[in-house]
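# Working through the structure, step by step
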Amino acid sequence: RRVLFRSTIDAPVTQWTHPSAQALQDAIDKALPHTVNVLSTGVRSTSPYVLVHTFSDRVPGTTLAFNRDSRKFIRLGDARPELRGQAMAGMEFVHYSARDGLNIPAWLSLPAGSTRNNLPLLVFAHGGPWVRGQSWGWDPDVQFLASRGYAVLQPEFRGSNGFGRKHFAAGWKQWGQAMQNDLADGARWVIAQGIADPKRICIMGASYGGYATLMGLV
């Protein structure tokens with residue numbers, strides 16, 4: 001029986017309990033090393049074909065058929081075919097220190113071909129707030145903003161899930177306080193790297209991110 005476990009570290013990963021299924025996953029990951037590769041196959045399927053959905057920070061999604069016998073791929077379609085071949089922003093996993101010393105993980109996306117210097121910065125606060133804000137992959141909002149010249153910072157401020165209990169518990173009773181400082185400290189960190197123009201900083205978000213936006217203005 002094939003059983004799989006899917007978890008999220010920097011990006012989603014799949015682990016299979018059945019050796020042959022894991023070997024197939026390893027072979028496809030080796031052939032497609034720059035994407036997350038999600039396999040779809042029947043438990044008792046005898047077909048040589050396996051559906052593979054791939055994506056990355058620069059690729060919104062492609063569906064392929066992989067032939068286990070010939071070891072070749074057939075492209076079936078793209079999630080957003082009009083964007084194929086277009087320059088996209090990459091997503092970097094970064095860390096910075098909040099003012100109280102807590103390590104804050106974050107995602108930094110820069111416009112394709114940018115000089116990493118003196119860019120307008122948008123701090124994008126996720127909702128929840130007790131959720132994982134983001135993982136490595138293609139985000140339509142971020143790509144739109146980056147295509148307009150913005151650097152985009154997506155902090156996993158204290159209280160975010162997926163980074164350990166200490167990080168999660170540090171957000172208790174900290175709405176508008178230390179959680180808000182994490183966002184401001186992220187902006188200051190990007191400025192200190194020389195990436196962001198301190199006179200062109202903005203903030204946005206929805207749900208809790210909308211609250212954080214209003215508190216940022218306050």
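Residues numbered from 1 in each chain as written. Predicted model: local features only at pLDDT ≥ 70, side-chain atom pairs only at ≥ 80, totals over all residues. Heavy atoms only, no water.

Assigned secondary structure in the protein chain consists of five helices and 11 strands. Taking the principal axes of its C-alpha atoms as reference, the protein chain extends roughly 60 × 40 × 25 Å. By the burial criterion, 40% of the 218 residues in the protein chain qualify as buried. Within the protein chain, contacts between residues separated by at least 24 positions form 58% of all contacts whose residues are at least 6 apart in sequence. Total accessible area on the protein chain is roughly 11600 Å²; 54% of this is exposed by carbon and sulfur atoms. Treating the 23 positive side-chain charges of the protein chain as one cloud and the 15 negative ones as another, the clouds have centres 4 Å apart. (Helix = DSSP H or I, 4+ residues; strand = E, 2+ residues; numbered from the N terminus. Buried < 20%, exposed > 50% of the residue type's maximum accessible area, 1.4 Å probe, protein only. Contact = heavy atoms within 4.5 Å. Areas by Shrake-Rupley, 256 points an atom, 1.4 Å probe, with all protein chains shown as cover. Lys, Arg positive; Asp, Glu negative; His and termini not counted. Charge placed at Lys NZ, Arg CZ, Asp CG, Glu CD.)

Turning next to the pattern of salt bridges. One pass over the structure, following the stated rule, counts 10 salt bridges. Note that R116 is salt-bridged to E92, the shortest N-O span being 2.6 Å. Of this pair, R116 sits in the loop between β8 (103–109) and β9 (119–125) while E92 is found in strand β7 (residues 91–97), placing the two residues 24 residues apart along the sequence. Looking at R116, the relative accessible area reads 38%, which means it is partly exposed. Each of R75, D78 and R84 takes part in one network of salt bridges that share partners. (Salt bridge = Lys/Arg side-chain N within 4 Å of Asp/Glu carboxyl O.)

We now examine the sheet that holds strand β10 (residues 151–155). Within a sheet, neighbouring strands are paired by backbone hydrogen bonds and run either parallel or antiparallel to one another. With mixed pairing, five strands are arranged side by side in an open sheet as β7-β8-β10-β9-β11. Either end of the sheet is taken by a strand with one partner, and the two such strands are β7 and β11 (196–205). Strand-to-strand, the axes of this sheet are offset by a mean angle of 30°, without reference to chain direction. Sitting on the sheet, helix α5 (residues 208–217) is in contact with β9 and β11, with an inclination near 140° to β11. (Pairing = 2+ DSSP bridges. Axes fitted to C-alpha atoms, helices over the stretch in contact; angles between N-to-C directions.)

This next bit is on the packing of aromatic side chains. Inspection of every chain in the model, using the stated rule, returns nine aromatic pairs. Ring centres of Y96 and W189 lie 6.1 Å apart, and the angle between their planes is 25°; this geometry places the pair in the stacked category. Separated by 93 residues along the polypeptide, Y96 in strand β7 and W189 in helix α4 (residues 178–192) bring together distant segments of the chain. Accessibility expressed as a relative area gives 3% for Y96, which makes it buried. Seen from their ring centres, W175 and Y211 are 5.3 Å apart, and the 50° between their planes marks the pair as tilted. (Phe/Tyr/Trp six-rings, centres within 6.5 Å; stacked < 30°, edge-to-face > 60°.)

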